[in-house]
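Spelled out from the first residue to the last, the chains are:
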Amino acid sequence: MLAMTSSDSTPLSLVSHRLEISDTGHRGTIRYEGEIDGKSWLGVEWDDPSRGKHSGQDPKNAAVYLFKVSVPNSASFIRADSSKVLLARTFLSAVRERYVEDNSEELKVNQNVKSSGLKTRRPNEDVEVEMVGWEKMRQKLSSLKGITILGLAGMQIGWVDQTLKRIQQQHANTDSSGTIEADQSPNAIQQTFPLVQDLDLSRNLFQTWEDVARITIQLPHLESLRLNSNRLVFDHSVTLDPVGSLLTAGFGNLKILALNSTNICWDDVERLAPHIPHIEALFLGFNNMASLGDAKYPPSTDVKLNEDLQQRQQPPLFPNLTAFHLDQNNLSSWPQICRLVSTHMPRLTTLNLSNNKITDITTPLQLQIETIFPHLTTLNLTCNRINSYTSIHTLNSFPVLVDIRVRDNPCLLLHPPTQIPAAATAADRDSTATITTTTTASHISRSDEITARLAKATRINGKVISQRDRSDAELYYLGKVAQWVHVLRTSTSAAGTINSASVSAPGGTDEAAAAAAAAVAMTQRESAIQQLVQEFHPRYKELCGIHGEPEVAPASVTSNALKDRLVVLVFCLIEGQEVGAAAAGDVKKRVEKKVPLTMTLRALRALVGRVLGVKGGGFRMRGVSGVVEAKERGPGGGAGGVIGTVELDEEMREVGYFDFVNGDEIHVFV
């Protein structure tokens, strides 16, 4: 049984202590200790809420709560005398197990030693692994004094005080030696590890920040500390004086601090900030944070007033912070982030906001982007909810931002409209009007589109962008946008056409007034198109100035539709062997046929022979162009005849090579 009483009959409570289940590795905090049905039980709030079964209710009466939990249904009861319960152990005992003791029970060592390593085989596994240099490394680590990087994640470490010691002495999982090292003896840890700079204490059983500080205070060279997946609170019994407190002494030299999956809130981060004045990289991912404090801005845009307010502000919380990681949280307010960075992180260069709920990153009117992020070079916005191209183009205003990640945001799936809505005139579209879009694939390659939209980025979504990559992407982007604009201008659907009759004209039938009304309608239409271009492709004009305005290719060139890849040709069977153009009376048979532009002349010859009933392939074919234009001019219309002929004798050429248009003829001489 875990609980006990001291010699003076004072009960020793396990409430607020941390524990781990030996067979599953689940960790939790003890919230209740007492008897239920005559047996001793522990009420545990689990770090992983999915392991819980209730919220601390009395098993006999669900209306009565024996303890409270932060997450509903994250608690359960376990027997206090269970052999699976592991309480915190000392730092030095964990070190001895990890770095000194021989783990021969866990690894079956093949004594046949070859080269400089050991061949080992794990239980129930057939794969044999040779650990090269194992003995040499073990001897080096067993001295401990030379270690600079210390990895003790998942070792059930905590600060073992006198109360917990007495409880552990009756617990089945006491040290094999029957004693517990006194971590709290003067300089015990420092004498063992005088050179440690990087310490990983993730997934352990610490209760308070002060417990961790009691260890780190003995590591004078420590610069990097990882406390991921711990649950830490502040000990209110310890002085909060930031000048000489235990926390300042224990964390004052840190440059890197990782607090992922600790459920820390921003209030606690602000409380911790004075004790880590030299911190350069702070990791706060996977903490379910929804807020970063007050997001209010000065109500006035007056520059002098804002300067006075800034002068009255307190010193920044993180004056030396360069990398700030807030990935996998629930943050949605960009103004909060702007306030925090501009006020408390003057040297920030890297900001990770991936997997949050941010919908917009336009800058508040009271602040200039140059003053908020003057040194930011790297920004990660992957897997957010950014829903407008305006936000993406806002990134171009960051003065030195070159490394950007924006994958998996809704705006990158938007398909710009192919028609101008009827209400999208210059007069009808106010500042609050929106254009309906669909979330289908964009009309531009996604990687090329992002590259062209982000003018200064040299690395996008992890890929280095060379000058050649940028030039190719921008040219491709320009061509696609130009084609889209062309579609808008030529659309004849009801939704996209601005009828000139909608513009009232005096007299109604006056031709001059009608022409003026048509001109006004055209101007309104062009204005609506330009607004759409600015909304969906703000860099279009800028890129046109750099590369020149692209020409729009015909639909037959760019379209993959079969109807755009066909040409109507007229097959004419000619009697005799005329050298010049055949007269109308010489045509024995005439057949009109749609022919794919990709058809070879060999296939065309077979088609012509079948359609005109000519057996064999010994006939001669001649292409005649300009027939339609000649007929429109008539006998007195200038040349009056055919404007071009070409002998069709290269069997592997495609029809499209000859630039035929609808109505051109193929003369067949037998």
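Residues numbered from 1 in each chain as written. Predicted model: local features only at pLDDT ≥ 70, side-chain atom pairs only at ≥ 80, totals over all residues. Heavy atoms only, no water.

### What about the packing of helix H13 (residues 467-490) against helix H14 (residues 511-536)?
Across the interface, H13 lies against H14 with an axial gap of 11 Å and an inter-helix angle of 150°. In this view, H13 runs roughly antiparallel relative to H14, as classed from their interaxial angle. For the pair H13 and H14, the crossing hand works out as right-handed. Residues Trp484, Val485, Leu488, Arg489 and Thr490 of H13 form the contact with H14, whose participating residues are Arg525, Glu526, Ile529, Gln530, Leu532, Val533 and Phe536. (Axes fitted to C-alpha atoms, helices over the stretch in contact; angles between N-to-C directions. Helix = DSSP H or I, 4+ residues; strand = E, 2+ residues; numbered from the N terminus. Parallel < 35°, antiparallel > 145°, perpendicular 65-115°, else oblique. Left-handed = near helix turned anticlockwise from the far one by under 90°. Contact = heavy atoms within 4.5 Å.)

### As for the pairing of strand E24 (residues 566-574)
Most of E24 sits inside the fold, with eight of its nine residues counted as buried. As judged from the nine bridges shared by E24 and strand E25 (residues 587-596), these two strands associate in the antiparallel manner. Pairing of Val568 across the sheet is with Lys594, part of E25. As defined by bridge partners, E24 adjoins strand E28 (residues 665-669) across five bridges and the pair is classed as parallel. Opposite Val570, over in E28, you have Glu665 as the bridge partner. (Buried < 20%, exposed > 50% of the residue type's maximum accessible area, 1.4 Å probe, protein only. Pairing = 2+ DSSP bridges.)

### Some words on the confidence of the model for the protein
Across the protein, the average pLDDT comes to 80, with 72% of residues at or above 70. Below a pLDDT of 50 lies the segment residues 3-9, which in the model reaches 13 contacts outside its immediate sequence neighbourhood of four places, other chains included. (pLDDT = per-residue confidence, 0-100.)

### A few points about the pattern of salt bridges
Tallied over the full model, the rule gives 24 salt bridges. With a shortest N-O distance of 3.6 Å, Glu647 and Arg620 are connected by a salt bridge. Residue Glu647 is found in strand E27 (residues 644-647), and its partner Arg620 is found in strand E26 (residues 620-625); the two are separated by 27 residues along the sequence. Under the relative-accessibility criterion, Arg620 is labelled partly exposed at 29%. Three or more residues are tied together by salt bridges with common partners; here these are Arg18, Arg27, Asp47 and Arg231. (Salt bridge = Lys/Arg side-chain N within 4 Å of Asp/Glu carboxyl O.)

### Considering the nonpolar core
Within the largest apolar cluster, 101 residues are counted, with the highest numbers of intra-cluster contacts made by Phe91, Phe193 and Phe324. With seven residues, H13 is the single largest residue contributor to this core. Residues Leu607, Val614, Phe619 and Met621 belong to the second largest nonpolar core, which totals 22 residues. (Core = buried A, V, L, I, M, F, W, Y, C linked by side-chain atoms within 4.5 Å.)

### Side note on the packing of H13 against helix H15 (residues 540-547)
Orientation of H13 relative to H15, taken along the N-to-C sense of each, is 120°, at an axis distance of 10 Å. When the axis of H13 is compared with that of H15, the two are oblique. Once H13 is placed against H15, the crossing between them reads as left-handed. Where H13 abuts H15, its residues Ser471, Glu474, Leu475, Tyr477, Leu478, Val481 and Ala482 lie against Tyr540, Leu543, Cys544 and His547.

### Notes on the sheet that holds strand E3 (residues 18-21)
In spatial order, the strands read E8-E5-E4-E3-E9; together these five strands make up an open sheet with antiparallel pairing. Only two strands of the sheet have a single neighbouring strand rather than two, namely strand E8 (75-79) and strand E9 (85-87). Between one strand axis and the next, the sheet turns by 45° as a mean value, whatever way the strands run. With five bridges connecting them, strand E5 (residues 39-46) and E8 associate as antiparallel partners.

### Focus on H15
Listed in full, the buried residues belonging to H15 are Tyr540, Leu543 and Cys544. With its buried residues spanning 105° around the axis, H15 presents them on a single face. Exposed and facing more than 90 degrees away from the buried side of H15 are Lys541, Gly545 and Ile546. Turning to H15, the residues buried within the fold contact helix H12 (446-453), H13 and H14. Immediately downstream of H15, the backbone of Gly548 shows phi near 90°, a positive value. (Arc of directions from axis to C-beta.)

### A closer look at the side chain of Asn230
Relative to the helices and strands, Asn230 is located in the loop between strand E15 (224-226) and helix H6 (246-251). Of note is the side chain of Asn230, whose polar atom sits 3.1 Å from the backbone oxygen of Leu227. Aside from chain neighbours lying at most four places away, what touches Asn230 is Leu201, Ser202, Arg203, Asn204, Leu205, Phe206, Ser261 and Thr262. (Polar contact = N/O pair within 3.5 Å; in protein donor to acceptor, adjacent residues only side chain to side chain.)

### Details of the environment of Ile404
In this fold, Ile404 is placed in strand E21 (residues 403-405). Spatially, the C-alpha atom of Ile404 lies 8.4 Å from that of Thr377, the residues being 27 residues apart in sequence. Excluding residues that lie within four positions of it along the chain, Ile404 makes contacts with Leu379, Leu395, Leu454, Ala457, Arg459, Ile460 and Asn461.

### A word on the packing of aromatic side chains
One pass over the full model with this rule turns up 13 aromatic pairs. With a centroid separation of 5.2 Å and an interplanar angle of 85°, the aromatic rings of Tyr657 and Phe658 are classed as edge-to-face. An aromatic cluster is built from Tyr32, Phe67 and Phe77, whose rings are joined through pairwise contacts. Note that Arg51 overlies the ring of Trp46, its terminal NZ or CZ placed 4.1 Å from the centroid. Directly above the aromatic system of Phe619 lies the positively charged group of Arg605, at a separation of 5.0 Å from the ring centroid. (Phe/Tyr/Trp six-rings, centres within 6.5 Å; stacked < 30°, edge-to-face > 60°. Lys NZ or Arg CZ within 6 Å of the ring centre and 35° of its normal.)

### Let's talk about the pairing of E3
Sheet faces and side chains relate simply in a regular strand, where the side chains alternate between the two faces. The alternating pattern of E3 places Arg18 and Glu20 on one face and Leu19 and Ile21 on the opposite face, and all of these are buried. Note: E3 against strand E4 (residues 27-36), three bridges, orientation antiparallel. Each residue of the ladder has a partner; that of Leu19, found in E4, is Gly28. The hairpin formed by E3 and E4 contains five residues between the paired strands, and Gly25 there has a positive phi angle of roughly 80°. Summarising the sheet, E3 and E9 pair through three bridges and their orientation is antiparallel. Bridge pairing links Glu20 to Leu86 in E9.

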